[in-house]
Amino acid sequence: MSLESLPVINFTQCDPSTKNFIKHSVNVFAETLSKWDMQNDDLAIANRIVRRFKNQQRHFIHFAELCHLTRLLRKAGSGRGNFCLNYVIRGLEATEMNQCLSRNCIDFFLLALNSWQSEICVIRALCMSCWRHSERQMLTGHFVKLATLIIIVLARVLILAEKSILSSVEVYSSIYAIRSQVPNVGVAMDCLSRLPKKLEFESVIPLNERCIAFLNLPLKLLRKSKGKPSKSLNFLEMLFK
């Protein structure tokens with residue numbers, strides 16, 4: 001079964017504890033999923049950098065990778081995998097107290113989650129490659145401020161990707177372990193016959209509370225009440241004009 005065909009949202013009676021466990025796991029993951037939106041400050045800045053400097057910087061390797069990265073960010077935020085995940089999440093929110101989605105819908109959620117997690121892994125790998133080439137660009141002494149801004153954005157996207165992959169692995173393992181307790185409605189479709197029982201996760205950067213704290217704090221342009229604004233602040237504000 002592919003993500004091209006959406007399953008019918010069917011509800012079935014199930015144990016309240018099973019339904020609450022699934023809903024809690026999905027809600028925790030949904031908080032991370034909601035960060036992948038082009039309205040997100042970090043993703044918006046990356047997109048503005050590409051639009052502002054594409055004609056001037058398109059021949060540099062690090063900028064070409066950044067252009068490719070922004071396309072992947074848009075796909076992760078509004079692509080098929082993201083749409084299918086939100087489709088099941090909205091259906092789960094509409095269930096009543098003793099109801100849960102059918103097993104076909106749960107299987108479809110895991111199928112979409114596996115596909116979306118693969119997209120985020122590609123984004124993480126591209127972030128690291130773009131980071132290395134941006135550092136090499138800084139060593140040349142040309143366009144240092146722009147390369148520094150790109151590295152800052154890459155750092156935040158890299159942390160978001162790492163957190164999203166970890167969250168995907170956790171919710172996948174949790175729901176896969178309990179899916180057998182969810183009754184099915186109609187013909188059962190074994191969507192997970194070719195999917196792993198758990199998603200493999202290889203950590204690239206260590207995450208801690210300070211590292212992921214910015215995920216809950218929007219990036220804001222703050223001016224000092226006294227004195228002239230810095231050149232770096234003017235450069236960043238120029239991207240939003």
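Structure shown above.
These numbers come from a predicted model, not from an experiment.

Cut-offs applied
Residues numbered from 1 in each chain as written. Predicted model: local features only at pLDDT ≥ 70, side-chain atom pairs only at ≥ 80, totals over all residues. Heavy atoms only, no water. Core = buried A, V, L, I, M, F, W, Y, C linked by side-chain atoms within 4.5 Å. Buried < 20%, exposed > 50% of the residue type's maximum accessible area, 1.4 Å probe, protein only. Helix = DSSP H or I, 4+ residues; strand = E, 2+ residues; numbered from the N terminus. Contact = heavy atoms within 4.5 Å. Salt bridge = Lys/Arg side-chain N within 4 Å of Asp/Glu carboxyl O.

K.L.:
Describe the nonpolar core, with residues and values.
P.N.:
Counting 61 residues, the largest nonpolar core has Trp 36, Ile 49, Leu 66, Phe 109 and Ile 123 as the members making the most contacts within it. Every element with two or more residues in this core is listed here: helix H1 (16-33), helix H2 (41-57), helix H3 (61-78), helix H4 (80-93), strand S2 (99-101), helix H5 (103-140) and helix H6 (144-178). A per-element tally of this core places H6 first, with 16 residues. Excluding residues within four positions of it along the chain, Trp 36 makes contact with Leu 43, Leu 73, Ala 76, Gly 77, Asn 82, Trp 116, Ile 120, Ile 123, Leu 160, Ala 161 and Ser 164.

K.L.:
Break down the side chain of Arg 124 for me, with residues and values.
P.N.:
As for its position among the elements, Arg 124 is in helix H5. Apart from the residues within four sequence positions on either side, Arg 124 is in contact with Leu 158, Ala 161, Glu 162, Ile 165, Phe 201, Glu 202, Ser 203 and Val 204.

K.L.:
Lay out the pattern of salt bridges in plain terms, naming residues and giving numbers.
P.N.:
Evaluation of the coordinates by the stated rule reveals three salt bridges. Note that Asp 42 and Arg 156 form a salt bridge whose closest N and O atoms lie 2.4 Å from each other. Taken together, the residues Asp 42 in helix H2 and Arg 156 in helix H6 connect sequence positions 114 residues apart. Both residues of the pair, Asp 42 and Arg 156, count as buried. Among the ionic pairs, Glu 162 bridges to Arg 124, the shortest N-O distance being 3.0 Å. A residue pair is termed long-range when its members are at least 10 positions apart, and Glu 162 in helix H6 and Arg 124 in helix H5 qualify at 38 residues. Considered together, Glu 162 and Arg 124 belong to a single accessibility category, that of buried residues.

Interpretation in functional terms is not warranted from these geometric data alone.
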